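What the coordinates show
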Amino acid sequence: MRATLPKPHLQFFPSPLPLSFNKPSLAFPETRRKSPSTTFTPKGTSSPSFGRVPLRVSASSQAASATETAKSTAVPSEMKAWIYGEYGGVDVLKFDEKVAVPEVKEDQVLIKVVAAALNPVDAKRRQGKFKATDSPLPTVPGYDVAGVVVKVGSQVKELKEGDEVYGNINEKALEGPKQFGSLAEYTAVEEKLLALKPKNLDFSQAAGLPLAIETAYEALERTGFSAGKSILVLNGAGGVGSLVIQLAKQVFGASKVAATSSTGKLELLKSLGADLAIDYTKENFEDFPEKFDVVIDAVGQCDKAVKAVKEGGSVAALTGAVTPPGFRFVVTSNGEVLKKLNPYLESGKVKPVVDPKGPFPFAQVAEAFAYIETNRATGKVVIHPIP
């Protein structure tokens, strides 16, 4: 199913939108609280028991200052979460109402998840494409999170209960990612991976940013991008590509930004700041006489991307096979990057792009996974609200 793209300005969501994804884990280290106003039983789902372990959870009450979160209640011992106990297709995802809320380590905070977002890495992980370095099954999926701090570890220095935060919960995307992700009512995250949520963004918008904006920023840094340089972004309407366009223009000072997309998304590219919007269904960018200082390949066409770069330029391939001189990197999550970019988000110079098909409610996490795996999403696929 291809989502119908509204006019570009509708992609920027100045008003609150819901989103959130969660996954279970063997020790169920992370979990989220039920929202008193939300009760649901997804159709066709069951509640498998994945090694439930009694957890010693201190019932600390806290004021949830967020407008989208329920009023303060004690942290429960169990939460609702999406989990999978084996690798495979979307059908391995199960909904469980009795997942133990994760314990909080000294350097972590416990977050009541308000919204989450899906990334291609979530699907690849569930399919077992990097199981050699994955955490043990069962897994609660989800990297991106936005929510409210409800408990802090003894070594946490800056964050406090009631803070509205966002972040990518896994420092390394492929190396031992957390068994308990953000598709749950609660998740435990190291303080260093988080930042305060931009004041002008709602939780849905914020949840879709962390992994994508950190990847976009690191790609620009690793390619040596700087003011006055030109850049070509393949898949400029995607989660990472839409942010590369904006960061290149607004943060790094690009002299020219070109980007590719299908016909219906060309206006979106222009609204994001692209000087040249290329319809890949009608034009071969690799045959253009004009070449670019940097090419960011977010679609898996590195063999073509290297033909579009200037002599001595850089090509970063985010997916697919790598053709020299292109290179691959895997993002390292860092809350300091989010803090650095928050002023650009709060000023509106950089805007989140949320797919118009969503946000998907928590009951439809499986449908959201199926959608992101069509590779047709615009911007980020968000889950909200989370009960």
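Residues numbered from 1 in each chain as written. Predicted model: local features only at pLDDT ≥ 70, side-chain atom pairs only at ≥ 80, totals over all residues. Heavy atoms only, no water.

All right, on to the confidence of the model for the protein chain then. Mean pLDDT for the protein chain: 86, with 81% of residues reaching 70 or above. Throughout residues 1-72 the model reports pLDDT below 50, and contacts reaching past four residues in sequence, or to other chains, amount to 305 contacts. (pLDDT = per-residue confidence, 0-100. Contact = heavy atoms within 4.5 Å.)

Moving on, we come to the side chain of Asp96. Mapped onto the fold, Asp96 is located in strand S2 (residues 94-100). Here the side chain of Asp96 touches Lys98 through a polar contact of 2.8 Å, landing on its backbone nitrogen. (Helix = DSSP H or I, 4+ residues; strand = E, 2+ residues; numbered from the N terminus. Polar contact = N/O pair within 3.5 Å; in protein donor to acceptor, adjacent residues only side chain to side chain.)

Attention now moves to helix H3 (residues 210-222). Relative to the 18 Å expected for 13 residues at 1.5 Å per residue, H3 spans 18 Å between its end C-alpha atoms, a close match to the ideal helical length. Within H3, 11 of the 13 residues are buried, which leaves it mostly tucked inside the rest of the structure. Turning to H3, its buried residues number three or more, namely Pro210, Leu211, Ala212, Ile213, Glu214, Thr215, Ala216, Tyr217, Glu218, Ala219 and Leu220. At the C-terminal side of H3, Gly224 shows a positive phi close to 75°. (Expected span 1.5 Å × (residues − 1). Buried < 20%, exposed > 50% of the residue type's maximum accessible area, 1.4 Å probe, protein only.)

For a regular strand, the rule is simple: side chains alternate between the two faces of the sheet. Burial analysis of strand S3 (residues 108-118) places 11 of its 11 residues in the buried class, the great majority of the element. Bridging between S3 and strand S6 (residues 186-190) involves 5 bridges; their strand directions are antiparallel. Considered in S6, the bridge of Lys112 is made with Tyr186. Of the pairings in the sheet, the one linking S3 to strand S4 (residues 144-152) comprises 8 bridges and is antiparallel in character. Considered in S4, the bridge of Ala117 is made with Asp144. Note: S3 against strand S14 (residues 381-383), 3 bridges, orientation antiparallel. Residue pairing across strands places Leu118 opposite Val381, the latter belonging to S14. (Pairing = 2+ DSSP bridges.)

Moving on: the packing of aromatic side chains. Working definition: an aromatic ring pair is given by the centre-to-centre distance plus the angle between the planes. For the coordinates displayed, the defined rule picks out 6 aromatic pairs. Aromatic side chains Tyr217 and Phe252 sit 5.6 Å apart centroid to centroid with 55° between the ring planes, which places their arrangement in the tilted category. Of this pair, Tyr217 sits in helix H3 while Phe252 is found in the loop between helix H4 (239-250) and strand S9 (256-261), placing the two residues 35 residues apart along the sequence. Residue classification places Tyr217 among the buried residues on the basis of a relative accessible area of 8%. Using a relative accessible area of 14% as the deciding quantity, one classes Phe252 as buried. What links up through ring pairs into an aromatic cluster is the set Trp82, Phe95 and Phe362. Above the face of the Phe203 ring, Lys197 is positioned so that its terminal group lies 5.0 Å from the ring centre. When the ring centre of Tyr371 is taken as reference, the NZ or CZ atom of Lys357 above it lies at 5.5 Å. (Phe/Tyr/Trp six-rings, centres within 6.5 Å; stacked < 30°, edge-to-face > 60°. Lys NZ or Arg CZ within 6 Å of the ring centre and 35° of its normal.)

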